[in-house]
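Observations on chain architecture
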Amino acid sequence: MLTVSNLEVCYGAISALGGISLEVGAGSIVTLIGGNGAGKTTTLRTISGLIRAKQGTVTFRGEDISRLPAHEIVARGLSHVPEGRMVFSNLTVEENLSMGAYLLRDRDVIAKNRDYVFSIFPRLKERLKQTAGTLSGGEQQMLAIGRALMGNPKFLMLDEPSLGIAPRLIGTIFEKIVEINQTQGITILLVEQNANLALEVSSSAYVLESGHVVMSGESKKLRADPQLKATYLGG
Ligand code: ATP
């Protein structure tokens, strides 16, 4: 569904991605793991059209989207839940969700998407009139995912959904991510520092280091890899 070929990205003179390639098959959950500064966020932002690559291509459902502006990429069904959630703090939960449906015109589809978001995150329904900035970290993450789902995505990119969330809510968020994938058939590209969790829910994984893919394969196999265990899985 998504093919990234030889992507190179620089911030000024600094190289952030040195030619990475990866594939995400339709219906799968694929994860990118790696330490701080490995290039995970840069990869997602480049796929979304928020950063321009110096070299390389991004192909989504057979179309080269590398030169498209971000809003046209979203319109094709590729949604990004950014690191730090980036909800609109001064807007209510309801208004944040409406923003996610910005590109949709069909009211029935919007209502159906809202019902689905409330079915997986009932807490959002209880807090419709609350301003997003006053939600807990976990609730803001639910809202950020809900907002992305409002736009009817075929492909969802999630950047560090466990970051800054109370440990008891992390499991819930990950269960919902798997549920969204399994029941809606939405393909997921997940960036996560918590490699144990990421490898548990994904079918395949790429390990990034200093802007390069240094290891990739089935998540099950990577979990058993001694080198990966020592570096990323706490032994
Ligand atoms: P983290 O898990 O810490 O968010 P990451 O794997 O997502 O890390 P990136 O945020 O993609 O890594 O960063 C990759 C490299 O690019 C790092 O060396 C980082 O310092 C650099 N970088 C990221 N954003 C910028 C920017 N706006 N300007 C300059 N350098 C940047």
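The structure under discussion appears in the preceding block.
The present account deals with the structure reproduced in this document.

Cut-offs applied
Here, residues in each chain are numbered from 1, in the same order as that chain's written sequence. In keeping with the model being predicted, local features are shown solely for residues with a pLDDT of at least 70 and side-chain atom pairs are shown and tallied solely at 80 or more, while totals for entire chains, interfaces and linings include all residues. Just so you know, side-chain values use all the structure's heavy atoms and leave hydrogens and water out. Every patch collects residues that have over 30% relative accessible area and no salt bridge, joining them within 9 Å if they carry like charges and within 5 Å if they are nonpolar side chains (Val, Leu, Ile, Met, Phe, Trp, Tyr). Here the open area of atoms and residues is found with the Shrake-Rupley method and a 1.4 Å probe, where only the protein chains shown may cover a residue. Within this document, salt bridges are pairs made up of a side-chain nitrogen of Lys or Arg and a carboxyl oxygen of Asp or Glu, the two lying within 4 Å of each other. Runs of H or I in DSSP of at least four residues are treated as helices and runs of E of at least two as strands, each being numbered from the N terminus. Between any two strands, pairing holds if DSSP finds at least two bridges. Classification of residues uses two cut-offs on accessible area relative to the type maximum, computed with a 1.4 Å probe and protein chains only: under 20% is buried, over 50% is exposed, and between them is partly exposed. Any residue with at least one heavy atom within 4 Å of a molecule or strand is counted as near it. The term polar contact refers here to a pair of N or O atoms within 3.5 Å; inside protein, the definition further demands a hydrogen-donor-capable atom paired with an acceptor-capable atom, and it admits residues adjacent in sequence only when both atoms are side-chain atoms. Each residue gets one label: Ala, Val, Leu, Ile, Met, Phe, Trp, Tyr, Cys and Pro are nonpolar, Asp, Glu, Lys and Arg are charged, and the others, such as Gly, are polar. By nonpolar core is meant a set of buried Ala, Val, Leu, Ile, Met, Phe, Trp, Tyr and Cys residues that side-chain atoms within 4.5 Å join together. When checking whether two residues touch, look at their non-hydrogen atoms; a contact exists if any pair is within 4.5 Å. In this analysis an axis means a line fitted to C-alpha atoms, helices contributing only their contacting stretch, and an angle means the value between N-to-C directions, from 0 to 180 degrees. Comment on the angle field: the value is read as roughly parallel under 35 degrees, roughly antiparallel over 145, roughly perpendicular from 65 to 115, and oblique elsewhere. Working rule for handedness: look at the near helix, and if it is turned counterclockwise from the far one by less than a right angle, call the crossing left-handed; if clockwise, right-handed. The definitions used throughout rest on a 1 Å grid laid over the protein atoms alone, on which a cavity is an enclosed set of points accommodating a 1.4 Å probe that cannot get out and a pocket is an open set flanked by protein within 12 Å on both sides along at least five of seven lines; lining residues are those having an atom within 4 Å of a point. Grid points are joined across faces, edges and corners, and a volume is the space filled by probe spheres set on the points.

**Some thoughts on a nonpolar patch on the surface**
A cluster of nonpolar side chains, contributed by Val74, Tyr102 and Leu103, occupies part of the molecular surface with about 320 Å² of accessible area. With respect to the helices, strands and loops of the structure, Tyr102 is situated in the loop between α3 (93–100) and α4 (107–120).

**Quick notes on the pairing of strand β2 (residues 14–24)**
Bridge analysis of strand β1 (residues 2–11) against β2 gives eight bridges, and the strand direction is antiparallel. Residue pairing across strands places Val9 opposite Leu17, the latter belonging to β2. If you look at the hairpin formed by β1 and β2, you'll find two residues sitting between the two strands, and Gly12 has a positive phi there, around 60°.

**Here's the deal with the pattern of salt bridges**
By the definition in use, this model includes eight salt bridges. Across the salt bridge formed by Glu8 and Lys54, the nearest N and O atoms sit 3.9 Å from each other. Of the two residues, Glu8 is situated in strand β1 and Lys54 in the loop between α1 (40–47) and β4 (55–60); the sequence distance between them amounts to 46 residues. In this structure Lys54 comes out as exposed when scored by relative accessible area, which is 55%.

**Describing the pairing of strand β6 (residues 78–81)**
Along β6, one buried face is formed by Leu78 and His80 and the opposite face, lined by Ser79 and Val81, is buried too. Of the pairings in the sheet, the one linking β6 to strand β7 (residues 155–159) comprises four bridges and is parallel in character. Bridge pairing in β7 links Ser79 to Leu156.

**Considerations on α1**
By the criterion of burial, α1 is predominantly enclosed, with six of the eight residues buried. Of all the positions in α1, only Lys40, Thr42, Thr43, Leu44, Thr46 and Ile47 are classed as buried. Gly49 sits one or two positions beyond α1 and adopts a positive phi of about 85°.

**Digging into the site of the ligand**
The full set close to the ligand counts 13 residues, and Asn36, Gly37, Lys40, Thr41 and Thr42 are the nearest of them. Taking Lys40, its side chain carries an N or O atom lying 2.8 Å from an oxygen atom of the ligand. Relative to its free-state accessible area of 630 Å², the ligand is covered by the protein chains to the extent of 61%. Taken together, the residues of the shell around the ligand break down into three nonpolar, seven polar and three charged.

**A look at the nonpolar core**
One finds Leu124, Leu143, Ile145, Leu149, Leu156, Leu158 and Leu228 to be the most contacted residues of the largest nonpolar core, which totals 48 residues. Here Leu149 is in contact with Asn113, Tyr116, Val117, Ile120, Leu156, Ile180 and Ile186, once residues within four sequence places are set aside. Val9, Leu44, Val58 and Leu78 belong to the second-largest nonpolar core, a separate cluster that totals 27 residues.

**Let's talk about the packing of helix α6 (residues 137–149) against helix α7 (residues 167–184)**
Packing of α6 against α7 leaves a shortest axis separation of 10 Å and a crossing angle of 15°. Put simply, α6 runs roughly parallel to α7. Crossing handedness for the pair α6 and α7: right-handed. Touching Gly138, Gln141, Met142, Ile145 and Leu149 of α6 are Leu169, Ile173, Ile177 and Ile180, all from α7.

**Topic: the layout of surface pockets**
The rolling of a water-molecule-sized probe over the atoms marks out the regions of remaining empty space. The computed volume of the largest pocket comes to approximately 730 Å³. Within the residue set of the lining of the largest pocket, elements represented by two or more residues are α2 (70–75), β6, α3 and α6. In this structure, the second largest pocket spans a volume of roughly 150 Å³. In terms of lining, the second largest pocket is formed by Lys112, Asn113, Tyr116, Leu149, Asn152, Pro153, Gln184 and Ile186. Considering every element that reaches the lining of the second largest pocket, the biggest residue donor is α4, with three residues. Residues of the lining of the second largest pocket, tallied by class, amount to four nonpolar, three polar and one charged.

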